[in-house]
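Spelled out from the first residue to the last, the chains are:
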Amino acid sequence: MTKKEFMNDDPSYLLWLLLIQTTKAIRIARQEELDKIGISVSDAGVLYYAAKLGMKATPAEISRCLSKLPHGVSTIISKLEREGLVQKVNDLSRKNMVRVVLTEKGKEIQEKAKKRETIHEIAASLSEEESEQLTGLLQKLRNAALERIKLRKKLVYLGYEE
């Protein structure tokens, strides 16, 4: 099958395939960048949201922001705690709640990770207009996918089911 025949065979499938390949390639490039500071893409996400949310950073809130299952984020937080990058602090007002706080070492790593040079370099291959168009189109696809999930009577909050 030629490339043209493949593209005409099922354009929706081709679009889906390109989205998956693009996401995977950018994630690999980002991981290569983060390898230099000794963390993973998932670690960087948790550190970013722990910093951004401040004292509102709980494992549940971080998992919502990252569109990840809570138990997966809890595993990452425990790993980061063992590495001295975060601390779990009991909330004094709610005994059963834990806050995630960056340590000084965690703040240093998070500052290095948030430079995101690889992401900026890859995104720079698009003009400002192309970037705005793609952002709008991806939001449209994401919203259609979330609507599709909702129509199947599943409770979805930013990527996971309850």
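Right above here is the structure, for reference.
Everything quoted here is computed from the prediction, not taken from an experiment. (Residues numbered from 1 in each chain as written. Predicted model: local features only at pLDDT ≥ 70, side-chain atom pairs only at ≥ 80, totals over all residues. Heavy atoms only, no water.)

Caption draft 1: Fine view of the overall build of the protein chain. A tally of helices and strands in the protein chain yields 8 helices and 4 strands. Each helix and strand of the protein chain, placed in order from N terminus to C terminus, yields the pattern α-α-α-α-α-β-β-α-α-α-β-β. Out of the 162 residues belonging to the protein chain, those deemed buried represent 23%. When the accessible surface of the protein chain is split by element, carbon and sulfur atoms take 56% of a total near 11700 Å². (Helix = DSSP H or I, 4+ residues; strand = E, 2+ residues; numbered from the N terminus. Buried < 20%, exposed > 50% of the residue type's maximum accessible area, 1.4 Å probe, protein only. Areas by Shrake-Rupley, 256 points an atom, 1.4 Å probe, with all protein chains shown as cover.)

Caption draft 2: Here's a closer look at the side chain of Arg99. With respect to the secondary-structure elements, Arg99 resides in strand β2 (residues 98-102). The class for Arg99 is buried, based on a relative accessible area of 17%. Discounting chain neighbours no more than four positions away, the residues touching Arg99 are Met55, Lys56, Ala57, Thr58, Gln87, Lys88, Val89 and Asp91. (Contact = heavy atoms within 4.5 Å.)

Caption draft 3: Main features of a nonpolar patch on the surface. Together, Leu15, Leu19, Leu126, Leu134, Leu138 and Leu141 make up a nonpolar patch on the protein surface, roughly 440 Å² of accessible area in all. Sorting elements by how many residues they give to the nonpolar patch places helix α8 (residues 128-151) first, with 3 residues. Residue position: Leu134 is located in helix α8. (Patch = residues over 30% accessible without salt bridge, like charges linked within 9 Å, V, L, I, M, F, W, Y side chains within 5 Å. Salt bridge = Lys/Arg side-chain N within 4 Å of Asp/Glu carboxyl O.)

Caption draft 4: Up close: helix α6 (residues 104-113). Among the residues making up α6, those that are buried are Gly106, Ile109, Gln110 and Ala113. For α6, the angular spread of buried residues about the axis comes to 100°, placing them on one side. Every exposed residue of α6 that faces more than 90 degrees away from the buried side is listed here: Glu104 and Glu108. Taken together, the buried residues of α6 touch α2 (11-35), α3 (41-53) and β2. (Arc of directions from axis to C-beta.)

Caption draft 5: Representation of the packing of aromatic side chains in the model. Applying the stated criterion to the full structure yields 2 aromatic pairs. Centre to centre, the rings of Tyr13 and Trp16 are 5.6 Å apart; their planes meet at 35°, and the pair counts as tilted. One end of the pair is Tyr13 and the other is Trp16, both in helix α2 and 3 residues apart, which spans about a single turn. With centroids separated by 4.9 Å and ring planes inclined at 80°, the aromatic side chains of Tyr48 and Tyr49 adopt a geometry described as edge-to-face. (Phe/Tyr/Trp six-rings, centres within 6.5 Å; stacked < 30°, edge-to-face > 60°.)

Caption draft 6: Just the packing of α3 against α6, in detail. Interhelical geometry of α3 versus α6 gives an angle of 110° and a closest axis separation of 10 Å. The orientation of α3 with respect to α6, classified from their angle, is roughly perpendicular. Taken together, the residues of α6 that come into contact with α3 (itself represented by Ala44, Leu47, Tyr48 and Ala51) are Ile109, Gln110 and Ala113. Residue classes in the contact of α3 with α6 are distributed as 6 nonpolar, 1 polar and no charged. (Axes fitted to C-alpha atoms, helices over the stretch in contact; angles between N-to-C directions. Parallel < 35°, antiparallel > 145°, perpendicular 65-115°, else oblique. Nonpolar A, V, L, I, M, F, W, Y, C, P; charged D, E, K, R; others polar.)

Caption draft 7: Representation of the nonpolar core. Counting 20 residues, the largest nonpolar core has Ile39, Val46, Leu47 and Ile62 as the members making the most contacts within it. Dropping the residues within four chain positions of it, Val46 is found in contact with Ile62, Leu66, Val73, Ile76, Ile77 and Leu80. (Core = buried A, V, L, I, M, F, W, Y, C linked by side-chain atoms within 4.5 Å.)

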